[in-house]
Amino acid sequence: MSEHTPLHTVHVPLGDRAYDIVIAPDAIQSAGPRLAAMFPGARYGIVTDENVAKAQLPRLTASLDAAGLGHTEIVVSAGEATKSWTNLQSVVEAIMAARLERTDILIALGGGVIGDLAGFAASIVRRGMDFVQIPTSLLAQVDSSVGGKTGINSAHGKNLVGAFHQPRLVLADLSALQTLPPRQFAAGYAELAKYGLIDDEELFFWLEANYRDIEAGGPARGEAIARACAAKARVVAADEKETGDRALLNLGHTFGHALEKATGYSDRLLHGEGVAIGMVLAYRFSAKLGLAPSQDAGRVQAHLKNAGLPTTLADISGDLPPTQMLMDAIAQDKKVSRGQLTFILTRGIGKAFIEKNIDPEAVATFLEDIR
Ligand SMILES: NC(=O)c1ccc[n+]([C@@H]2O[C@H](COP(=O)([O-])OP(=O)(O)OC[C@H]3O[C@@H](n4cnc5c(N)ncnc54)[C@H](O)[C@@H]3O)[C@@H](O)[C@H]2O)c1
Ligand SMILES: O=C(O)C(=O)C[C@@H](O)[C@H](O)[C@H](O)COP(=O)(O)O
Ligand SMILES: [Zn+2]
């Protein structure tokens, strides 16, 4: 095995938009030669945030320099508020100021915020340029770097402006996770557990048994990331633009996105934390409707809590707005169709399903009851 052999490679079979997800301990160090072989003659724009610029950018620029690849860096603030119109504009203008051409490559180096923002910028600059995802958070390695959803938040809600734009390559560097703060690691773990909760109870039980090794950076970590990417690749390949079953990946997100909006896209609630609470609420709501055993809801909540995640509304610091305001946010969910709410509900662990025409009164009453 060569020094740069990936630990795992997951293929995303999307015809002329197919790509690989390379999962390796040193994917950043080996990026230069890999990119040079894939995109002869290209220059690179690297979009990153200020934390990742300190922790991981030097490894990437050293690799590009060693391979003789020209690059320019675009550094934005860290955090969810960065997914905004203002930052979209400045990133797009910076790409043009650097004279990156349509056949050059934009690199998103960072977590899901950077992937979503840079990916969206790539989708619109010069009517679309190629981009490469180099995810550095657990959340981005198991979820956001794969599948081509890109976008920003609006005053009306989460991810309401965006495009489907697939990356040409995903390089998930396991050693990058060494500098990720523990709270961010836990937030990413929520999206990892989500795959088990959707349709793979064996994966959820394996995560329960292997959580400590995953957290500690043992061999289970790479395997968990690869299993998550394979699960997402399967869903995306079958339904790239979410006309059907891709909506299952939204488990916990209808509640979670409303809570992120309610907390001002701030550090009060990270996306993965909102998803953790949202998934527990989806299980509790399903149990209340008589669809899922309440023991399963309890088991899900216990595991996420054990992984260091908030699992109830009371775990969110500060006051939350009235239920009606949460319902207003839910009404802007992208799964709403002809004015009807769609929720991802469940019949138990690994048994999620899409339910249309959910009565908003039932949701509001449920939220009032648990507050
Ligand atoms: N497009 C999709 O399919 C998809 C899927 C899931 C989530 N998302 C989006 O992803 C975003 C959340 O992503 P996230 O949790 O990665 O948040 P993030 O991008 O804000 O990154 C988390 C934090 O960790 C820091 N960080 C990242 N990597 C680091 C590293 N290796 N070392 C040190 N610090 C590091 C960042 O600077 C940031 O402060 C949300 O906006 C969510 O909506 C998108
Ligand atoms: O890739 C998907 O599809 C997902 O739903 C993954 C989610 O984890 C992610 O948060 C996504 O950005 C949510 O999509 P949205 O369409 O509800 O904004
Ligand atoms: Zn998510």
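Remember, it's a predicted structure, so these values are computed and weren't measured experimentally.

> Account for the pairing of strand β9 (residues 169–173), with residues named and values stated.
For β9, the tally of buried residues reaches five of five residues, placing the bulk of the element in the interior. Of the two faces of β9, both are covered, the one formed by Leu169, Leu171 and Asp173 as well as the one formed by Val170 and Ala172. As paired strands, strand β2 (residues 19–24) and β9 are joined by five bridges and run parallel to one another. Counted as the bridge partner of Ile21 is Val170 from β9.

> Residues and numbers for the environment of Ser144, please.
Counting through the fold element by element, Ser144 comes out in helix α6 (residues 138–144). Taking relative accessible area as the criterion, Ser144 reaches 16% and is therefore assigned buried. Linking Ser144 and Leu313, residues 169 residues apart in sequence, is a C-alpha distance of 25 Å. Excluding its chain neighbours within four sequence positions, the residues that come into contact with Ser144 are Gly112, Asp116, Gln133 and Leu139.

> Explain the environment of Ser84 residue by residue, including any values.
Mapped onto the elements of the fold, Ser84 is located in the loop between β4 (71–76) and α4 (85–97). With relative accessibility at 16%, the residue Ser84 sits in the buried group. When the C-alpha atoms of Ser84 and Asn153 are compared, they prove to be 5.8 Å apart, with 69 residues separating the residues in sequence. In this view, Ser84 contacts Leu117 and Ile152; residues no more than four positions away in its chain are not counted.

> I'd love a proper account of the packing of helix α10 (residues 253–262) against helix α13 (residues 323–331), names of residues and values included.
Interhelical geometry of α10 versus α13 gives an angle of 120° and a closest axis separation of 9 Å. Regarding the angle of α10 to α13, the classification is oblique. Both α10 and α13 take part in a crossing whose hand is right-handed. Across the interface between the two elements, Thr254, Phe255, Ala258, Leu259, Lys261 and Ala262 from α10 touch Leu326, Ala329 and Ile330 from α13. For the contact of α10 with α13, the residue count by class is seven nonpolar, one polar and one charged.

> I'd like a description of the UniProt feature "binding site: Zn(2+)" (unreviewed entry) in the protein, backed by residues and values.
According to UniProt, the "binding site: Zn(2+)" (unreviewed entry) feature falls on Glu191, His253 and His271. Over a stretch of 81 residues, the named residues converge on one spot in the fold, their C-alpha atoms separated by at most 10.3 Å. Within the fold, Glu191 resides in helix α7 (residues 182–199). Take Glu191: its relative accessible area is 2%, and that puts it in the buried class. With respect to the secondary-structure elements, His253 resides in helix α10. Excluding residues that lie within four positions of it along the chain, His253 makes contacts with Glu191, Lys194, His271 and Val275. A polar contact of 3.4 Å, which involves the side chain of His253, links it to the side chain of Glu191.

Thresholds applied
Residues numbered from 1 in each chain as written. Chains lettered and ligands numbered in written order. Predicted model: local features only at pLDDT ≥ 70, side-chain atom pairs only at ≥ 80, totals over all residues. Heavy atoms only, no water. Buried < 20%, exposed > 50% of the residue type's maximum accessible area, 1.4 Å probe, protein only. Helix = DSSP H or I, 4+ residues; strand = E, 2+ residues; numbered from the N terminus. Pairing = 2+ DSSP bridges. Contact = heavy atoms within 4.5 Å. Axes fitted to C-alpha atoms, helices over the stretch in contact; angles between N-to-C directions. Parallel < 35°, antiparallel > 145°, perpendicular 65-115°, else oblique. Left-handed = near helix turned anticlockwise from the far one by under 90°. Nonpolar A, V, L, I, M, F, W, Y, C, P; charged D, E, K, R; others polar. UniProt positions renumbered as here; feature names shortened; annotations may be inferred. Polar contact = N/O pair within 3.5 Å; in protein donor to acceptor, adjacent residues only side chain to side chain.

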